[in-house]
Amino acid sequence: AAGHVTPRGGAGVGAMSRRERGPEPGPGGAEAAAEDAEPESPDQCLSLLPWDRFSAWLHCVCVVGFDLELGQAVEVIYPPHSKLTDKEKTNICYLSFPDSNSGCLGDTQFCFRFRRSPGRKVSLCCFLDQLDRDLPVYLKKDSAYYYGYVYFRQVRDKSLKRGYFQKSLVLISKLPYVHLFRTMLKQIAPEYFEKSEAFLEAVCSDVDRWPPPVPGKVLQLPIMGVIMKLRIPTYRDKPGATPIVQNMHQADAQISMALPTVHEVDLFRCFCPVFFHIQMLWELVLLGEPLVVMAPSPAESSETVLALVSCISPLKYCSDFRPYFTIHDSEFKEYTTRTQAPPSVILGVTNPFFAKTLQHWPHIIRIGDIKLPGEVPKQVKVKKLKNLKTLDSKPGVYTSYKPYLNKDEEIVKQLQKGVQQKRPTEAQSVILRRYFLELTESFIIPLERYVASLMPLQKCISPWKSPPQLRQFSQDDFMKTLEKAGPQLTSGLKGDWIGLYRHFLKSPNFDGWFRSRQKEMTQKLEALHLEALCNENLVFWSQKHTEVETVDLVLKLKNKLLQADREHLPVKTDTLKKLQTHINDIILALPDDLQDILLKTGT
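Note that this is a predicted model, so its numbers are computed, not measured.

The rules behind the values
- Residues numbered from 1 in each chain as written.
- Predicted model: local features only at pLDDT ≥ 70, side-chain atom pairs only at ≥ 80, totals over all residues.
- Heavy atoms only, no water.
- 1 Å grid on protein atoms, 1.4 Å probe; cavity = no way out; pocket = protein on both sides within 12 Å on 5 of 7 lines; lining within 4 Å.
- Points joined across faces, edges and corners; volume = space filled by probe spheres on them.
- Helix = DSSP H or I, 4+ residues; strand = E, 2+ residues; numbered from the N terminus.
- Nonpolar A, V, L, I, M, F, W, Y, C, P; charged D, E, K, R; others polar.
- Domains from an automatic or database assignment.
- Phe/Tyr/Trp six-rings, centres within 6.5 Å; stacked < 30°, edge-to-face > 60°.
- Buried < 20%, exposed > 50% of the residue type's maximum accessible area, 1.4 Å probe, protein only.
- Lys NZ or Arg CZ within 6 Å of the ring centre and 35° of its normal.

**Q** If you had to explain empty space enclosed by the protein to someone new, which residues and values would you point to?
**A** Going through the model one piece at a time under the given rule, you end up with 3 cavities of 30 Å³ or more. Of the voids in this model, the largest cavity is the one considered here, and its volume is about 90 Å³. Of all the secondary structure elements, the ones that give two or more residues to the lining of the largest cavity are β3 (106-115), β4 (145-156), α4 (178-195) and α8 (298-310). By residue class, the composition of the lining of the largest cavity is 7 nonpolar, 2 polar and 2 charged. Inspection of the lining of the largest cavity shows a minimum of three residues originating in each of domain 1 (52-209) and domain 2 (266-512).

Pasting the structure below:
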């Protein structure tokens, strides 16, 4: 469809709430090394009050301790003006500690995700909004959820009544940058447990000096004497390419560490226990099937859930997922009820109670302690659900699901060979990530191609008519395209691709993907309509029409400009300036009384 207009990838705009002005940042920490690390964007409306920079990265930092009278309790929230509802605090309390049966002695890191309480005012900040639009679709913020990144310490301490010191340092953020916050916690948590409050204040003061999280730029983030260097991906990046951030040699005393990624987990390590089922798991995640991961500790459950969600990248997983879920979670009843079918959600659990509560779920992944295999894993059959009675059941995948696609033996051989040759786990993860990416792209390219053909031809866009509508998505028409332009063009895998597409078209992942494409293409049509208007001689038109018609045109053009700004239409700044000039020229050709009215009228 050479005449068709193809929109850019990615869609959806997240909102970022602004903090009200809080106390001045505390003393200490790295000096303003990042003050000039990034030039501020000229269109930035982030007024950079104290805590504005902090709020671009984190909502707050919490310390959760164990009180003999109260149980788990939030001891500290920093900055002190951060708002959390009682429900949010309760969720944070229970999700920040491993279940007692996990027996996590020493230090443990994991993450969780929970619903934000409704009714919170969200005032848009256009600058942070702009950043969200530049992200790949799978990294866009979901303003309905927070992530909690936890560093939990449990050590024997005879001076305490329980005989144990138990505390968690938790970073609460809307950003899904798992690797960044994990690295940050590794840097600060051990020192925090020794030094307490003043240290936490200094950490937050450092974060409040960070440049905004601009996608595509190499950012330098100072944290307690160390500079983390990283790059947040953009939607323009080629999927699967990881730009290397070089380590700098600092001239001063600060140590610099380069982060290879902000958001990825160690895929191979996570999928090792279910090595032979990776392709089936990819299908289950793609189709938004209800999945539960039963693991011995929150570290394993959260990493596995995040690995599952990321395996369909660059597609966004559109259902809910909980890297660590407990019986105290505010959605526990909603997600475990037997009165309706299990919801489209991925849950990571560690409490043995779930083996009973969730035994009606159709797909259960049971993992033991994640250890990298010294030898080649043995071939494991998919187990029947009735065999899953307790959390002590053997590791494996318990389901009666029959995959649509034939098994790809090649990837299994390649990874097994890597284990025999003691290939580093990072290299194994790269192979696995590339495999998932190629599989997902082979699946999604036919859909992309068909949806692009629903775009009207550019010649159908007339400045004097409303922008044309997109053609309707027809499942039958799409299925007909698969014979000549299906996944067989890019993938050698055989199997029932048609059945897989039919199932996918009913899933939340298709719904989310298609909505974002629709929004994008509609915006593209609006932008092309604006350009068509700009290329007309509007003053000449107005001279040939009545004053009433001319005033109507001016009001419509003003609305178009407002819409372009409000919806961030993909229009060049020059086009908008040209349209504004047209409006001014038309108004100046009108009688004085009308000029006064129209110049005052915003819409």
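**Q** Before we move on, could you go through the packing of aromatic side chains and cite the residues and values that matter?
**A** Here a ring pair, both rings aromatic, is described through the centre-centre distance and the interplanar angle of the planes. Under the defined criterion, the tally for this structure stands at 37 aromatic pairs. When the ring of W51 is compared with that of Y78, the centres are 6.0 Å apart and the planes differ by 75°; the resulting orientation is edge-to-face. Here Y78 lies in strand β2 (residues 71-78) and W51 lies in the segment before α1 (52-57), a separation of 27 residues in the sequence. Of the two residues, W51 and Y78, neither departs from the other in class, the shared state being buried. Connected via pairs of aromatic rings, a cluster forms that spans W282, F443, Y450, F473, F478, Y501, F504, F510, W513 and F514. Its end group placed over the ring of Y145, R113 keeps NZ or CZ at 3.8 Å from the ring centre.

**Q** Talk me through unusual backbone geometry; I want residue IDs and the actual numbers.
**A** For the bond from Y78 to P79, the omega torsion is -5°, close enough to zero to count as cis. Relative to the helices and strands, P79 resides in the loop between β2 and α2 (86-95). Going from S313 to P314, the amide bond is cis rather than trans, its omega being 10°. Relative to the assigned elements, P314 resides in the loop between α8 and β10 (320-322). For M224, which is not glycine, the phi torsion reads 50° and is therefore positive.

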